[in-house]
Amino acid sequence: MSIRAELIDQDPSDGKAGRPLPRDFIWGVSTSSYQIEGAVTADGRGASVWDTFCRKPGQIANGDTGDVACDHYHRFAEDIALMRRLGVQAYRFSVAWPRVLPQGSGPPNEAGLAFYDRLIDGLLEAGIQPWLCLYHWDLPQALQDRGGWEVREIARWFGDYARLVARRYGDRVKHFATFNEPSVFTLFGYGFAWHPPGLTDRAALHRAIHHVNLAHGAGVDAIRAVVPRAKIAAIHNVQPSRPVGTTPEDAAAARLLDAYWNQAFPEPQLLGRYPAELAPLMEAVVRPGDFERIQRPVDWFGVNHYSPIYARADAKAPLGFAWADAPPEAPRSPIGWQLDPAAFRDVLLELHRRYRLPIYVTENGTGAVEAPNDAGEIHDRERIEYLKAYGEALREAVAAGADVRGYFVWSLLDNFEWGAGYANRFGLVYVDFATQRRIPKASAHWYARMIHAQAMEGVQ
Ligand code: IFM
């Protein structure tokens, strides 16, 4: 990418602030299958729960769907070229389970598998490491019809899917993640009805949590058996959970949200137990031997971090608490998410202290409602400021001892932002969804320059 002086900040300390990172620190970008691929009926892909959910009136802003998204399925080579020009060393993407197993289990779809061959080969040719995530929320609808995450059998279905993927790509992919943000798709899908399957059912939520944890263990075992040297993890979203008010009830609500959001998956997966707030609630679904099945050795911790979250006590809500807004005086991003880089630093330090695994930040970034100016450029200064501030927080955490080894911006491209549809843009690269034209934003130029400066520092 040519560095366009008028589009980048001239501060020579951009995002570096003089604190050294490990020499082999990885800079990357992240995406996910349903959010970018489109081509939802191409070449034998089966339906996913998101295809179904998007068709329910009122669920997605503007009635948007992932039917076309960024058409990455057909334009992946152009997207790899964009990454190459950014200078990223790694790309985290997810495999669409229904593209490779249209019914979720049973016969694989060769055309779907071949798509990821092309993607992985293209990345390797471009010198970019493929980091493969098995599950970023697009469950095959056929498995949802058989009970989805509520049935225990899904751990075996997921293990079989993981084995298929590991066998096919394990010769070229070295970094695998089982799940992306399991707490989001379980809590939003079964507690708040904001994601598929659209339920507010506490017992169903607890079944889903436990079966995702069992599936994680089965997935780790399947990948390890096929690719013994693979580096395997799960990716968790971790952000401080805060009470919106000062009452003891709000404090309890924040503790419960913390348990569902930050602990329901890492604690059993890494420490072999549910957190105290959840343990009694999970008793009905946990069977003898389950924690041994769940707590399988992993190699790294994937953390996605955006903003603190807030809870308010609400006795009438299915979970006993409501999702709440940050205080009005809190600094916010253009789409209203609280800005708090110190929280990011503290989360990294706490994860290091608690789990003692190498940490990779697999998502961090900020959303905006954006359009090109008359010159066709996107001057996303707020995103650059965000990336600088959060980059500095990361450096502070590393300087204080956190073992953080990589950072992936969410996201490479503007994409389908779930319930917000295409309104909220998180990309370093702008996507004109009418024409599929890609335009690197000022932040893309900034990120390229920062990665280049880091590389230069490393060779000195
Ligand atoms: O777009 C999402 C992504 O799918 C999961 N993490 C948060 C991002 C921004 O909301």
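Not measured: the values here are computed from a predicted model. (Residues numbered from 1 in each chain as written. Predicted model: local features only at pLDDT ≥ 70, side-chain atom pairs only at ≥ 80, totals over all residues. Heavy atoms only, no water.)

A.B. asks: Looking at this model, I keep getting lost on the overall build of the protein. Mind explaining?
C.D. replies: Helix and strand content of the protein: 16 helices and 13 strands. Its C-alpha radius of gyration of 21 Å places the protein within 12% of the 23 Å reference for a compact globule of 460 residues. Expressed as a percentage of its 460 residues, the buried residues of the protein come to 61%. Sequence separation of 24 or more characterises 78% of the internal contacts of the protein that already satisfy a separation of 6 or more. Accessible area for the protein stands at about 17,100 Å²; split by element, carbon and sulfur atoms hold 52% of it. For the protein, the separation between the mean place of its 49 positive charges and that of its 55 negative charges on side chains is 5 Å. (Helix = DSSP H or I, 4+ residues; strand = E, 2+ residues; numbered from the N terminus. Rg over C-alpha atoms; globule rule 2.2 N^0.38 Å. Buried < 20%, exposed > 50% of the residue type's maximum accessible area, 1.4 Å probe, protein only. Contact = heavy atoms within 4.5 Å. Areas by Shrake-Rupley, 256 points an atom, 1.4 Å probe, with all protein chains shown as cover. Lys, Arg positive; Asp, Glu negative; His and termini not counted. Charge placed at Lys NZ, Arg CZ, Asp CG, Glu CD.)

A.B. asks: What am I meant to see in the pattern of salt bridges here?
C.D. replies: Close approach of charged atoms lets side chains of opposite charge pair. Across all of its chains, the model carries 32 salt bridges by this definition. The partner of Asp67 in a salt bridge is Arg55, and the shortest N-O contact between them spans 2.5 Å. A residue pair is termed long-range when its members are at least 10 positions apart, and Asp67 in the loop between helix H2 (49-54) and helix H3 (72-86) and Arg55 in the loop between H2 and H3 qualify at twelve residues. A network of salt bridges, in which partner residues are shared, links Glu110, Asp117, Asp121, Arg168, Asp171 and Arg172. (Salt bridge = Lys/Arg side-chain N within 4 Å of Asp/Glu carboxyl O.)

A.B. asks: I keep staring at the pairing of strand S7 (residues 301-304) and nothing clicks. Help me out?
C.D. replies: Burial of the side chains of S7 extends over both faces: Phe301 and Val303 are buried on one face and Gly302 and Asn304 on the other. Pairing of strand S5 (residues 231-237) with S7, which is carried by three bridges, proceeds in the parallel orientation. Its bridge partner being in S7, Asn237 is matched across the sheet by Asn304. Summarising the sheet, S7 and strand S10 (residues 359-364) pair through four bridges and their orientation is parallel. Directly across from Asn304, in S10, lies its bridge partner Glu363. (Pairing = 2+ DSSP bridges.)

A.B. asks: Would you mind showing me how to read the packing of aromatic side chains here?
C.D. replies: Any two aromatic rings considered together are summarised by their centre-to-centre distance and by the angle between their planes. In the structure shown here, the tally under the stated rule is 54 aromatic pairs. Both rings, one in Trp50 and one in Trp418, keep their centres 4.6 Å apart while their planes meet at 50°; by these two values the pair is tilted. Linking Trp50 in helix H2 with Trp418 in the loop between strand S11 (404-410) and strand S12 (429-432), this pair joins segments that are 368 residues apart in sequence. Assigned by exposure class, Trp50 and Trp418 land together as buried. Aromatic pair Phe344 and Tyr390: ring centres 5.6 Å apart, planes at 35°, arrangement tilted. In this pair, Phe344 is assigned in helix H14 (residues 341-355) and Tyr390 in helix H15 (residues 381-399), connecting sequence segments 46 residues apart. For Phe344, a relative accessible area of 0% puts it in the buried group. (Phe/Tyr/Trp six-rings, centres within 6.5 Å; stacked < 30°, edge-to-face > 60°.)

A.B. asks: Which parts of the structure should I look at to understand the sheet that holds strand S1 (residues 26-30)?
C.D. replies: Hydrogen bonding along the main chain pairs the strands of a sheet, whether they run parallel or antiparallel. Strands sit in the order S1-S2-S3-S4-S5-S7-S10-S11 around a closed barrel of eight strands; the barrel is parallel. For this sheet, the mean angle separating the axes of adjacent strands, direction not counted, is 25°. In this sheet, strand S2 (residues 90-94) lies alongside S1 in parallel orientation, the contact comprising three bridges. Bridging across to S2, Ser30 finds its partner in Arg92. (Axes fitted to C-alpha atoms, helices over the stretch in contact; angles between N-to-C directions.)

A.B. asks: Honestly, the side chain of Asp64 in this entry has me stumped. Any pointers?
C.D. replies: Structurally, Asp64 is set in the loop between H2 and H3. Nearest to the buried, unbridged Asp64 among oppositely charged side chains is Arg425, at 9.1 Å. Reaching out from Asp64, the side chain makes a polar contact with the backbone nitrogen of Tyr422 at a distance of 2.9 Å. If near-sequence neighbours (up to four positions away) are discounted, Asp64 is found in contact with Cys54, Phe416, Gly421 and Tyr422. (Polar contact = N/O pair within 3.5 Å; in protein donor to acceptor, adjacent residues only side chain to side chain.)

A.B. asks: I tried to follow the site of the ligand on my own but got confused; where do I start?
C.D. replies: Around the ligand lies a shell formed by Gln35, His136, Trp137, Glu181, Tyr306, Trp337, Glu363, Trp410, Glu417, Trp418 and Phe426. Residue Gln35 places a side-chain N or O atom 2.7 Å away from an oxygen atom belonging to the ligand. Within the contact set of the ligand, an oxygen atom lies 3.3 Å away from a side-chain nitrogen or oxygen of Trp410. Protein contacts shield 94% of the accessible area of the ligand, which totals 280 Å² for the unbound molecule. Given that more than half its atoms are within 2 Å of the pocket grid, the ligand belongs to the largest pocket. Its residues assigned to classes, the shell around the ligand comprises six nonpolar, two polar and three charged. (Near = heavy atom within 4 Å. 1 Å grid on protein atoms, 1.4 Å probe; cavity = no way out; pocket = protein on both sides within 12 Å on 5 of 7 lines; lining within 4 Å. Sits in = over half its atoms within 2 Å of the grid points. Nonpolar A, V, L, I, M, F, W, Y, C, P; charged D, E, K, R; others polar.)

A.B. asks: How should unusual backbone geometry be read in this particular structure?
C.D. replies: Leave glycine aside and you will find that most residues have negative phi; peptide bonds, for their part, are mostly trans. Residue Pro197 is bonded to the preceding Pro196 through a cis peptide linkage, with omega at 10°. For Pro197, the position within the fold is in the loop between helix H8 (182-191) and helix H9 (202-226). Residue Ser411 is bonded to the preceding Trp410 through a cis peptide linkage, with omega at 15°. Here Ser411 lies in the loop between S11 and S12. The phi torsion at Ala69 lies on the positive side, around 45°, for a residue other than glycine. Within the element layout of this structure, Ala69 appears in the loop between H2 and H3.

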